[in-house]
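Each chain, written out:
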Amino acid sequence: DGEWDAIELNRDHVSFSSEGGQSIVTILNYGGWWISGGYSIVVDDQPNPSDYINATSSEGANGLSDTLDGGWYRALIPEKGRSNTVVIIVDPNAGAPRRTFIQMSVGNAFARIDITQE
């Protein structure tokens, strides 16, 4: 597919209080991207490969992968995947701190966004 410049983000980590909330991450050097997938929970920086969650498309089989439901968090790319942002929404947490990450793609370039919550 050719060589693609590395993805540049306005930040690669978002942190939430136990109340949860919403945060936006922006890709700086491309006009759009898609969500590859993520994990439910990462422990000691090690994801469980069997816990991988594939992203889906809000437009069906022919659309870009613009939504991800990780159970306690969700990620979505506005405008049905035609945006340079991803919105990350995290539910309230009454238990132990949580950590995960999602993987983003554009062409042959990839990025990881870490998500933590108290």
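See the structure shown above.
Our subject in this report is the structure included herewith. Everything quoted here is computed from the prediction, not taken from an experiment. Along each chain, residues carry numbers from 1 onward, in the same order as the chain's sequence is written. The predicted origin of the model limits local features to residues at a pLDDT of at least 70 and limits the giving and counting of side-chain atom pairs to 80 or more, whereas totals for whole chains, interfaces and linings rest on all residues. As a rule here, side-chain values cover all heavy atoms of the structure and leave hydrogens and water aside.

A word on the packing of aromatic side chains. In this description, a pair of aromatic rings is defined by centroid distance and the angle of the planes. Pairing of aromatic side chains here covers Phe, Tyr and the six-membered ring of Trp, requires ring centres within 6.5 Å, and sorts the geometry by plane angle: under 30 degrees stacked, over 60 edge-to-face, intermediate tilted. Under the counting rule described, the total for this entry stands at 4 aromatic pairs. Where Trp-72 meets Tyr-73, the ring centres are 5.1 Å apart and the plane angle is 70 degrees; that geometry is what we call edge-to-face. Here, a charge over a ring is recorded when the distance from Lys NZ or Arg CZ to the ring centre is within 6 Å and its angle to the ring normal is within 35 degrees. Stacked on the ring of Phe-101, the Lys or Arg Arg-112 has its end atom at 3.8 Å from the ring centre.

So, on to the nonpolar core. In these notes, a set of buried Ala, Val, Leu, Ile, Met, Phe, Trp, Tyr and Cys residues joined through side-chain atoms within 4.5 Å is what counts as a nonpolar core. A simple rule labels every residue: compare its accessible area, found with a 1.4 Å probe on the protein chains alone, to the largest value its type can have, and call it buried under 20%, exposed over 50%, or partly exposed in between. If you look at the biggest cluster of nonpolar residues, it comprises 26 residues, and the most contacted ones within it are Trp-33, Val-86, Ile-88, Ile-102, Ile-113 and Ile-115. Only DSSP runs of H or I covering at least 4 residues are called helices, and only runs of E covering at least 2 are called strands; the numbering of each starts at the N terminus. Those elements giving two or more residues to this core turn out to be strand S1 (13–16), strand S6 (73–76), strand S7 (85–90), strand S8 (98–106) and strand S9 (109–117). Here, residues are in contact when the closest pair of their heavy atoms is within 4.5 Å. Ignoring sequence-local partners within four residues, the contact set of Ile-115 consists of Val-14, Phe-16, Trp-72, Tyr-73, Ile-88, Val-90, Arg-98, Arg-99, Thr-100, Phe-101 and Ile-102.

Inspection of the secondary structure assignment puts Asn-93 in the loop between S7 and S8. Look at Asn-93 and you get buried, because its relative accessible area is 12%. In protein, a polar contact means a hydrogen-donor-capable atom and an acceptor-capable atom, both N or O and within 3.5 Å, with residues adjacent in sequence counting only if both atoms are side-chain atoms; elsewhere, any N or O pair within 3.5 Å suffices. At 2.9 Å, the side chain of Asn-93 and the backbone oxygen of Ala-96 are in polar contact. Setting aside anything within four residues of it in sequence, one finds Asn-93 in contact with Ser-18, Arg-98, Gln-117 and Glu-118.

Take the pairing of S7 next. Note on strand geometry: in a regular strand, side chains alternate between the two faces of the sheet. With 5 of 6 residues buried, S7 is to be regarded as a mostly interior element. Direction of pairing for strand S2 (residues 21–26) relative to S7: antiparallel, over a ladder of 6 bridges. Its bridge partner being in S7, Ile-24 is matched across the sheet by Val-87. Pairing between strands is defined by DSSP: at least two bridges between the two strands are required. The sheet contact formed by S6 and S7 spans 4 bridges and is antiparallel. What sits directly across from Arg-74, in S7, is Ile-89.

This part covers the pattern of salt bridges. The salt bridge definition used is simple: a Lys or Arg side-chain nitrogen within 4 Å of an Asp or Glu carboxyl oxygen. Scanning all chains against the criterion turns up 3 salt bridges. Measuring nitrogen to oxygen at the nearest pair gives 3.1 Å for the salt bridge that ties Glu-59 to Arg-82. With Glu-59 in the loop between strand S4 (52–54) and strand S5 (67–69) and Arg-82 in the loop between helix H1 (78–81) and S7, this residue pair connects regions lying 23 residues apart in the sequence. Taking relative accessible area as the criterion, Arg-82 reaches 48% and is therefore assigned partly exposed. A salt bridge links Asp-114 to Arg-112; the nearest nitrogen and oxygen atoms lie 2.8 Å apart.

Such coordinate-based values are descriptive only and should not be taken to indicate function.
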